[in-house]
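If you want the building blocks of each chain, they are given just below.
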Amino acid sequence: MSKVIVVTSGKGGVGKTTTTAALGSALAMHGKSVVVVDFDVGLRNLDLIMGAERRVVYDLINVTQNQAKLHQALIRDKRLENLWLLPASQTRDKDSLNEKGLGRLMKELKAQFDFIICDSPAGIERGAILAMRHADEAVIVTNPEVSSVRDSDRIIGLLDSKTEKAEKGGKVEKHLLITRYDQSRAGRGDMLKIDDVLEILLVPLLGVIPESEQVLRASNIGQPVTLANPMSAPARAYSDAARRLLGEAVAMNVPHERYNLISRIFGGRAA
Amino acid sequence: MNLLKRWWKPRELEPSTAPVARERLQVLLSHERGATGQSNLLSLIKEDVLAAIKRHISIPSEAVHVKVERRKAISTMRISLDLPK
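1. Details of the overall build of chain B
At step 1: Each helix and strand in chain B was counted, giving 3 helices and 2 strands.
At step 2: Ordered by position in the sequence, the α and β elements of chain B form the string α-α-α-β-β.
At step 3: Within chain B, the fraction of its 85 residues that count as buried is 22%.
At step 4: Within chain B, residue pairs in contact and separated by at least 24 positions form 31% of the contacts whose partners lie at least 6 positions apart.
At step 5: For chain B, the accessible area works out to roughly 7000 Å², and carbon and sulfur atoms hold 59% of it.

What follows is the structure in structure tokens.
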């Protein structure tokens, strides 16, 4: 059974692309065949985060407009053989994505992969709607901060109305992923707590990714954080979230950095 | 001494801000959900409660507060009314 998961948020800069790359590679490490699809036409970045920016030949638009075959556009990850990337177009604009072609493409992807993870553009316009259009499940990425929570609430409304599933009377299964969480600031009362965000948005929690310098370090070198430094706190948090997506019951806690000798020596150099 | 005071003061005097954020979001989103036609359990319950009370007492819609609080084992819903004097 293949699953289409949209990673969405409304607000920009909260960690959608980081999350897509990290969850995609974590699921692939669990032996699933995974494709991560960049829907941010005109502002593609997933290729960069995955470290495949120099290998892009054809893209999502080429495939939906029948200018290239799917297999010509798919880029196989160099680290994980069952992880693939379908990049967005950098030169076209969001209107070049047509719904019919996209429907055809999604069908084709579903026949090939266990997980199709769609990295949504920010906003609530056409691009974001198309990214969620075919989703079975949604990962809503939210920072514990007022504007991000508000925008997530908007996106939740759209998931319940603008998706194919919703239009057919079904429901997209929603998961909340809180990113850039700082336990000590929340403890001091200077950041919304996890329970605050859950209480406001009323979406089940998939995981909590702690604020970490490792995320920027991983993006600098073009590696998903789960591969760049698998023992780091955000990598472990993403890996737990991926296991929950697979249906495993994993105790919910916020990982923190382990500063022992082994991570000092190998940390950041793994993978 | 002065330096020490300056260093200590801000954190001690600054009140925590997260509860304000939480309160503001709860109020804002209950309005926005209504405006965008989103189904929202809290605002639906609020309307029903308001309608029931209004049959007996005249109160404005702002007088009804519905709040859900999540705890470890159970969640509670608190409905409170500001009654006119």
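Next comes the rest of the write-up.
2. Considerations on helix H11 (residues 213-220) of chain A
At step 1: N-capping of H11(A) is provided by Ser212(A), with a side-chain oxygen placed 2.9 Å from the backbone N of Gln214(A).
At step 2: At the exit of H11(A) stands Gly222(A), carrying a positive phi of roughly 70°.

3. What about the interface of chain A and chain B?
At step 1: Facing 18 residues of chain A, the contacting portion of chain B comprises 19 residues.
At step 2: When chain A packs against chain B, close to 1700 Å² is buried across both sides, 55% of that on carbon and sulfur atoms.
At step 3: Area buried by chain A at its contact with chain B is led by Arg150(A), Glu199(A) and Ile200(A), which between them contribute 34% of it.
At step 4: The interface formed by chain A and chain B contains 3 salt bridges.

4. Quick look at the pattern of salt bridges
All names here are of chain A.
At step 1: With the rule as written, the count across this model stands at 13 salt bridges over all chains.
At step 2: Among the ionic pairs, arginine 79 bridges to aspartate 77, the shortest N-O distance being 2.6 Å.
At step 3: Since its relative accessible area comes to 32%, arginine 79 is described here as partly exposed.
At step 4: Here arginine 133 ties to glutamate 99 by a salt bridge, and the two come within 2.7 Å at their closest N and O atoms. Within this pair, whereas arginine 133 is found in helix H6 (residues 126-133), its partner glutamate 99 is found in helix H5 (residues 99-112), the two being separated by 34 residues in sequence.
At step 5: Using a relative accessible area of 11% as the deciding quantity, one classes arginine 133 as buried.
At step 6: Through salt bridges with shared partners, one network takes in Glu99, Arg133 and Glu167.

5. Here's the deal with the packing of helix H7 (residues 146-159) of chain A against helix H10 (residues 194-201) of chain A
Residues and elements named next belong to chain A.
At step 1: Interaxial distance between H7 and H10 falls to 10 Å at its minimum, and their mutual angle equals 35°. Viewed along their axes, H7 and H10 form a crossing whose handedness is right-handed. Contacts between H7 and H10 pair Val149, Ser152, Asp153 and Ile156 from the former with Val197, Ile200 and Leu201 from the latter.

6. Things to note about the nonpolar core
At step 1: Leu86(A), Leu109(A) and Ile116(A) are the most contacted members of the largest nonpolar core, which has 53 residues in total.
At step 2: Counting residues in each nonpolar core, the second largest holds 36 residues, with Val14(A), Val36(A), Leu85(A) and Ile117(A) among its members.

Rules used in this analysis
Residues numbered from 1 in each chain as written. Chains lettered and ligands numbered in written order. Predicted model: local features only at pLDDT ≥ 70, side-chain atom pairs only at ≥ 80, totals over all residues. Heavy atoms only, no water. Helix = DSSP H or I, 4+ residues; strand = E, 2+ residues; numbered from the N terminus. Buried < 20%, exposed > 50% of the residue type's maximum accessible area, 1.4 Å probe, protein only. Contact = heavy atoms within 4.5 Å. Areas by Shrake-Rupley, 256 points an atom, 1.4 Å probe, with all protein chains shown as cover. Polar contact = N/O pair within 3.5 Å; in protein donor to acceptor, adjacent residues only side chain to side chain. Buried area = accessible area lost by both parts, 1.4 Å probe. Salt bridge = Lys/Arg side-chain N within 4 Å of Asp/Glu carboxyl O. Axes fitted to C-alpha atoms, helices over the stretch in contact; angles between N-to-C directions. Left-handed = near helix turned anticlockwise from the far one by under 90°. Core = buried A, V, L, I, M, F, W, Y, C linked by side-chain atoms within 4.5 Å.

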